[in-house]
Amino acid sequence: MRWLPLAALLLLLSLAGCGLRQGAAPPEPFPLSLSQEQGQDLQAQLTGVPGPLAQAIGAEIQIRLASAEDSQAPGRAVPAKKILTELLSHSGQPLLQPGDEFAELRQLIDPGQAEPTAPFARALASYLLEPDFACRQPIFHAYFNRRYQKGEQSVCSEKIPLLLASRLEGVSPIWLDPGQEIREVHLLFAGQGEKMASRFGHVALRLLVCPAGKDDADSCASNLYNHIVLGFMAHVDEFELNTIKALSGDYAAHLFALPFMDAYRGYAIEEFRELHSVPLKLNSEQRQLFVRQLSEIHWRFAGDYNFFSRNCATLLQDVLRALLPGYKDEKRLKKNFRRPDTFFAAIRQTPLVAGKKLVPPERAEEEGYYFASTKPFYAKALAVVAGAMSKAPFRDLNSYLARPPSQRLAAILADPAYVELLSRDPYQLEAQLLLEELALTRSERRLQAQGSRYLHDFDFTADQLQQARLSQQERLFFNDCFLAPIRQFTSPVPRLPAIPAETTQLPALAPKPDCQAQRGGGVQLTDILGRVNAEGQEQWLRVLAATQIHNETMKNIITLQELRHEPL
Amino acid sequence: MKYLLTTLLLILGTAANCLAEETILAIYCQSQDQGAKIYVNHALKGECPADGRVTLFIPPGPTTVEVKKRVDAEHERFFQQQYTAAADRPERIRVSLSKPQLTAEARQARERAAFERDLQAAKQGNLKAMAVMVERYEKGQGVRQNSNQARAWQNRIDETLARKELQKAQAGDIAAMEGMARRYKTGTGVKGSRAEARKWQENATEAKRLAKEREQARQKAARTARQRAKIQAKINAINFTEITDAAMTPPKGDDVITYLTVSPIFTAAGIILDLTSTPIKLTKKNKLTKELEAHAAAWARPNSMVARAYRQQRQSQAEKEASLTIAAR
């Protein structure tokens, strides 16, 4: 933040300077002129352009040709797109002006920029001259097709890339064919949670990705492990969320992609919330285009995230309003809902979605439209376990989870009859395993809390490293396996000007060194951190203690799994 | 003629003189020593009689009296006394036989047998026996003294020691390497070679350096282990409830962090968790996590879509593992 006052001062000075120069500057010269040859070349490249649009551009070219004697024509080396962009950006013809819809669509990918003329000219020039524009910028492509009444709708057959952020595998790109691999798009609503931020629920989109080689409804619906959730989220580039920043829009918002099962785990298991997933009513062509457009937003959008006014619900409504056929005509959705729950309650009543799929809940759960909170499942498991142990040292889930893992295992092993029951009754064993698995998820959150606190107070200055007297090998390890991931965590999410066409165009992801394999990874990191951050030692010990709890819980699970005879 | 007469007179005079100068030696044996043989100046003079007394006439001069009584084939009881017999003074000696001891012949036979034993052992490479052979030949113990033989056996000792030292040196023994360097320098047990001596000295120096490094690493590891033990003790002292409570209370009292509100790209804890896990645990963790995600629904609601996906996932995983196993074969 030290640079902020300096930057502000420079900005003021530069604005003042602009003002002075404007006062003394001569009037702007007439825009670029064209030579006869250049005009002909440009028109030749615009064959196939719908009539009125071709006429408008032709008229613009004529104006420039007429003024060629008054000013210099650009050299032949200037690319046609640049000439056309310049030409369009100075046109006064209504047909070549950005309308309200363009401005609205632009908010989906490049919000905050007030002046629409130059972006419009750039986009229209690309639309007219670049053959793969439909694949790179499907939002504007569809818009221009509509506006200029070009018949074709979906002219792109390429796969789309998404940067999938998975809990286990980290960030990696995946390529999907919207026509072949995505069966449905659902609106996903996570029910209310106990925390303030989750009190109103959360809303996102879910792509039903089909398994390889299958596209029937049943196979696609049950392919949950490959379904993808697209949701607007804040990119918190620090280790502890700052409430003031969250409320004042100081975090960046992006349309992130993550595995559905990660979302299910986060909601249904970690937060005991229920999920509703309602299909959007889209035909195949509409669905393909919509998914491509979502991909464009995924790669391009970077807005502000405000917990109350620009949140997952409002940002998603902006997208649906602009891109979902029929949305704008739906009276029940005229209002801009700020709460995910009220928005979901409204849209599920409309014909835009297949709302009936959500009832009755039992059938919805069987068909994959409703995902119950797992709290009653774990409570049931607890009752089964408590009923079978000779002397259960817990009353409920909370008192079970409040016991250290070693004590939990000791209580089991101290009850030979119960151990014997576990080894012969799969149902009983799975119930016991479930409780330990729940404890594992809790221990991960515990570790998150402790780790975040440690990193929040971590001094990353070079002095620390200097004082720690690390060897060359230790410095490299510490950089690759600790500082580099931290730097990536705190860096802005990379944005692209369009959907990438191939892997080489994807943002460079930091190489992931095999830190575990490097001389006992974690042990080495523990040693180094023990020396590097002397002031944070107390909190580091807490991190290690939380790690130990996590490890012991995992050991409990492994011990119990060894009693398993048959897979569930 | 005159000469002949003179010589005859001298001989007769001497004989008469001798007879006249004999002296008496009285030997008193003990009654139980009857039959013991009596030697005077190593000449057998008789046996101890039943009454024990023997009188002998012996010439004056240094006299050795020995009395021996055989006990068995190898042992005898023995008495010896030396004195100077005087012509005018009879001598009386009281015999007191020793306890049974080896006879000289037996002693010689035994020494020969011992020599043979040592020789065989030495030939078989027994270093101690070889050293005995060196000493025997040097001092003539059980064999005639022979310095050439003594040197030959010493050479064999050196060669044997050199072979053993070479084995140790080749196995990395630093002292043996230095020993080999000395041997090649002095030609002890091996053919002298400066190059070999230098090579072994360099080997020893390098091995010492490595050993020092190993020792330093060992000490460092021990220090680290002690530090870890201290850290572990501190960790153990942290109350479980304290950690649990801290985890349940959001940082700084904020209540905003919730799933999907923030980007999932990285979580700080994920970094820590991955790095503080052991590789085995990390692999298991991923497998467990996959299982965990749908396990509850599969157990409690077997007809739910999550349960179906879980079963499909496990089946697909099993098929994948099976195909990998087949491919590995």
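Note: the structure precedes this text.
Below: a short report on this structure. (Residues numbered from 1 in each chain as written. Chains lettered and ligands numbered in written order. Predicted model: local features only at pLDDT ≥ 70, side-chain atom pairs only at ≥ 80, totals over all residues. Heavy atoms only, no water.)

Considering the packing of aromatic side chains
Rules: Under the pairing criterion, centres of Phe, Tyr and Trp rings, with the six-membered ring standing for Trp, must be within 6.5 Å; the plane angle then separates stacked pairs below 30 degrees from edge-to-face pairs above 60, leaving the rest tilted. Working definition: helices are DSSP H or I runs of at least four residues, strands are E runs of at least two. Numbering for both runs from the N terminus. Accessibility here uses a 1.4 Å probe with only protein chains present; expressed as a share of the type maximum, an area under 20% marks a residue as buried, one over 50% as exposed, and anything in between as partly exposed. Geometrically, a lysine NZ or arginine CZ counts as sitting over a ring once it is within 6 Å of the ring centre and also within 35 degrees of the ring normal.
In the structure shown here, the tally under the stated rule is 20 aromatic pairs over all chains. When the ring of Phe-120 of chain A is compared with that of Phe-144 of chain A, the centres are 5.7 Å apart and the planes differ by 70 degrees; the resulting orientation is edge-to-face. Here Phe-120 of chain A, found in helix α6 (residues 117-129), pairs with Phe-144 of chain A, found in helix α8 (residues 138-147); they are 24 residues apart in sequence, far enough to count as distant. For the ring pair Tyr-127 of chain A and Phe-133 of chain A, a centre distance of 6.0 Å and an interplane angle of 75 degrees mean the geometry is edge-to-face. With respect to burial, Tyr-127 of chain A and Phe-133 of chain A carry one shared label: buried. Among the aromatic residues, those joined into a cluster by ring pairs are Phe-102, Phe-120, Tyr-127, Phe-133, Phe-140, Tyr-143, Phe-144 and Tyr-148 of chain A. Taking NZ or CZ as reference, Arg-206 of chain A lies 4.6 Å from the ring centre of Phe-260 of chain A, over its face. Its guanidinium or amino end placed over the ring of Trp-299 of chain B, Lys-380 of chain A lies 5.4 Å from that ring's centre, counting from NZ or CZ.

Concerning empty space enclosed by the protein
All names here are of chain A. Inclusion rule: Here the term cavity refers to a set of points on a 1 Å grid, laid over the protein atoms alone, in which a 1.4 Å probe fits but cannot get out; the term pocket refers to an open set having protein on both sides within 12 Å along at least five of seven lines, with lining residues being those that place an atom within 4 Å of a point. Grid points are joined across faces, edges and corners, and a volume is the space filled by probe spheres set on the points. Each residue gets one label: Ala, Val, Leu, Ile, Met, Phe, Trp, Tyr, Cys and Pro are nonpolar, Asp, Glu, Lys and Arg are charged, and the others, such as Gly, are polar.
Across all of its chains, the model carries six cavities of 30 Å³ or more by this definition. By volume, the largest cavity amounts to about 100 Å³. Leu-163, Phe-256, His-298, Val-493 and Arg-495 are the residues nearest the centre of the largest cavity, which is lined by 13 residues in total. Of all the secondary-structure elements, those providing two or more residues to the lining of the largest cavity are β1 (160-166), β6 (251-259) and α12 (284-300). At four residues, β6 tops the list of elements feeding residues into the lining of the largest cavity. Considered class by class, the residues forming the lining of the largest cavity number ten nonpolar, two polar and one charged.

Here's the deal with the nonpolar core
All names here are of chain A. The line we're drawing: Here, nonpolar core means buried Ala, Val, Leu, Ile, Met, Phe, Trp, Tyr and Cys residues that are tied together by side-chain atoms lying within 4.5 Å of each other. Any two residues whose heavy atoms approach within 4.5 Å are treated as being in contact.
In this structure, Phe-144 and Leu-187 are the most contacted members of the largest nonpolar core, which totals 146 residues. Excluding residues that lie within four positions of it along the chain, Phe-144 makes contacts with Phe-102, Phe-120, Ala-123, Leu-124, Tyr-127, Phe-133 and Gln-149. Of all hydrophobic cores here, the second largest spans 22 residues; its members include Phe-482, Ile-486, Leu-529 and Leu-541.

Re the pattern of salt bridges
Residue and element names in this part refer to chain A. To keep things clear, this is the line we draw: A side-chain nitrogen of Lys or Arg and a carboxyl oxygen of Asp or Glu constitute a salt bridge if their distance falls within 4 Å.
This structure, assessed with the given rule, holds 31 salt bridges over all chains. When the shortest N-O distance is used, the salt bridge between Asp-341 and Arg-339 registers 2.7 Å. When its relative accessible area of 10% is taken as the criterion, Asp-341 is described as buried. Three or more residues are tied together by salt bridges with common partners; here these are Asp-132, Arg-136 and Glu-158.

Some remarks on the state of the cysteines
Note the cut-off: Any two cysteine sulfur atoms within 2.5 Å of one another count as a disulfide.
Counted under the stated rule, the structure contains three disulfides over all chains. Two residues, Cys-210 of chain A and Cys-220 of chain A, share a disulfide whose sulfurs are 2.1 Å apart. Judged by the sign of its S-S torsion, about 105 degrees, the cystine formed by Cys-210 of chain A and Cys-220 of chain A is right-handed. Of the two residues, Cys-210 of chain A sits in the loop between β4 (202-209) and α9 (217-221) while Cys-220 of chain A sits in helix α9, which places them ten residues apart along the sequence. Residues Cys-210 of chain A and Cys-220 of chain A agree in their burial class; the two are buried. With its sulfur 1.9 Å from that of its partner, Cys-29 of chain B forms a disulfide with Cys-48 of chain B. For the disulfide bridge between Cys-29 of chain B and Cys-48 of chain B, the dihedral angle about the S-S bond is near -55 degrees, and by the sign convention the bridge is left-handed.

With respect to the sheet that holds strand β2 (residues 37-40) of chain B
Residues and elements named next belong to chain B. Threshold: Following DSSP output, two strands are said to pair if at least two bridges run between them.
What the five strands build is an open sheet, ordered β3-β2-β5-β6-β8; its pairing is antiparallel. Among the strands making up the open sheet, the edge pair consists of β3 (43-47) and β8 (101-102). By the bridge criterion, two bridges tie strand β6 (residues 75-85) to β8 in an arrangement that is antiparallel. Note that in β8 the partner of Glu-76 across the bridge is Gln-101.

Description of unusual backbone geometry
Residues and elements named next belong to chain A. With omega at -10 degrees, the peptide bond leading from Val-359 into Pro-360 counts as cis. Checked against the element boundaries, Pro-360 lands in the loop between α14 (340-347) and α15 (361-367). Even without being a glycine, Phe-272 presents a positive backbone phi close to 50 degrees. Structurally, Phe-272 can be placed in the loop between α11 (260-270) and β7 (275-279).

Describing a positive patch on the surface
Rule in force here: Excluding any residue in a salt bridge, patches collect residues exceeding 30% relative accessible area, merging like charges within 9 Å and nonpolar Val, Leu, Ile, Met, Phe, Trp and Tyr side chains within 5 Å. With residues, only the protein chains shown are counted as cover, and all accessible areas are computed by Shrake-Rupley using a 1.4 Å probe. Charged-residue counts in this description rest on Lys and Arg as positive and Asp and Glu as negative, His and the chain ends being excluded. For charged residues, the charge sits on one atom: NZ in Lys, CZ in Arg, CG in Asp, CD in Glu.
On the surface, Lys-220, Arg-223, Arg-226, Lys-230 and Lys-234 of chain B cluster together to form a positively charged patch. Within the secondary structure, Arg-226 of chain B sits in helix α6 (residues 194-237).

Considering the side chain of Glu-437 of chain A
Considering the arrangement of structural elements, one finds Glu-437 of chain A in helix α20 (residues 426-456). Among all residues touching Glu-437 of chain A, those that are not within four sequence positions of it are Ile-557 of chain A together with Leu-292 and His-295 of chain B.

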